[in-house]
Amino acid sequence: MAASLSLLMFSCKSADDETENQSNSTVDKNSYTEAQKAYNLINDIRKNPSAYSSKMGVDLSGVQARSALTWNDALAKVAQDKAEDMAKNNYFSHTDLNGYGVNYFMYEAGYDIPESWRKNKSDNYFENIAAGNSTAEATVKQLVYDSGADNSSAGHRASLLGISNWCSNCTDIGIGYAYNAKSTYKYYWSIIIAKHK
């Protein structure tokens, strides 16, 4: 397990310093609301995929309906931390700037996964990331559309809608959303859809 190190620093801050820190905030006031909207939309699509074909811009008529995903607070924290990290440090990747993937952070957050799923620090079996969209609907559409790929090769669509054998067994979800006006894409999303074993 990774150790957490906190440093206490005492300094005199001016009002200008406080304003600067607030302008760099990566947690949008609507983060939780948009995350919940994305969660609800994903579960609605899973319930009746073909009804969303037109809205998502891709044929979902052959996609089997799946059970609703269950919100998981540990996954939500990992997803929120990842979205904030991407926004704050201006990168877009499944691994953070130290090369760690989401499997490592899931395990550290108490989401029990087998050791073989976290063998390499960069392992990511569960995370979907998106950037540039300020709303849940646009983000979910981007991931479900998945560049218009067919269902057999659309990894994000498979994850969100439980299309493949691996994804169909996933039961839990956590979503994070962050904003930084000074970053390349401004809006960053992490959607983790997972299973324990």
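Before reading on, note that the structure itself is shown above.
Computed from a prediction, not measured in an experiment: that's the story for all the values here.

A. Looking closely at the side chain of R157. Within the secondary structure layout, R157 lies in helix α7 (residues 155-161). In this structure, R157 is buried with no salt-bridge partner, the nearest side chain bearing the opposite charge being D146 at 5.6 Å. Here the side chain of R157 touches Y145 through a polar contact of 2.8 Å, landing on its backbone oxygen.

B. Looking closely at the pairing of strand β4 (residues 187-194). β4 sits mainly inside the fold: 7 of its 8 residues count as buried. Across 5 bridges, the pairing between strand β2 (residues 127-131) and β4 is antiparallel. Within β4, the residue paired with A130 across the bridge is W189. Alignment of strand β3 (residues 172-179) against β4, held across 8 bridges, turns out to be antiparallel. Considered in β4, the bridge of Y177 is made with W189.

C. Representation of the packing of helix α2 (residues 31-47) against helix α6 (residues 136-145) in the model. Running from N to C, α2 and α6 cross one another at 45 degrees; their axes reach a closest spacing of 8 Å. On the basis of the axis angle, α2 is oblique to α6. The element α2 and its partner α6 pack so that their crossing is right-handed. Taken together, the residues of α6 that come into contact with α2 (itself represented by E34, K37, A38, L41, I42 and I45) are A136, E137, V140 and V144.

Rules used in this analysis
Every chain is numbered on its own, with residues counted from 1 as its sequence reads. Owing to the predicted nature of the model, reporting of local features is limited to residues with pLDDT of at least 70; listing and counting of side-chain atom pairs is limited to 80 or more, with chain, interface and lining totals taken over all residues. Hydrogens and water molecules were not included; the side-chain quantities draw on all heavy atoms of the structure. Secondary structure elements follow DSSP: runs of H or I of four or more residues count as helices, runs of E of two or more count as strands, with numbering from the N terminus. Partly exposed residues are those whose accessible area sits between 20% and 50% of the maximum for their type, while under 20% is buried and over 50% is exposed, using a 1.4 Å probe and protein chains only. In this count, Lys and Arg are taken as positive residues and Asp and Glu as negative ones, while His and the chain termini are left out. Note on definitions: salt bridges are taken to be side-chain nitrogens of Lys or Arg within 4 Å of carboxyl oxygens of Asp or Glu. Counted as a polar contact is a pair of N or O atoms within 3.5 Å, where, for protein atoms, one must be capable of donating a hydrogen and the other of accepting one, and residues adjacent in sequence contribute only when both atoms are in side chains. At least two DSSP bridges between two strands are required for those strands to pair. The axes used here are C-alpha line fits, helices contributing only the stretch in contact, and every angle between their N-to-C directions lies in the interval 0 to 180 degrees. Convention used here: angles under 35 degrees read as roughly parallel, angles over 145 as roughly antiparallel, angles from 65 to 115 as roughly perpendicular, and any remaining angle as oblique. Definitions for this section: a left-handed crossing has its near helix turned counterclockwise from the far helix by less than a right angle. A right-handed crossing has that turn clockwise. Contact criterion: two residues are considered in contact whenever any of their non-hydrogen atoms come within 4.5 Å of each other.

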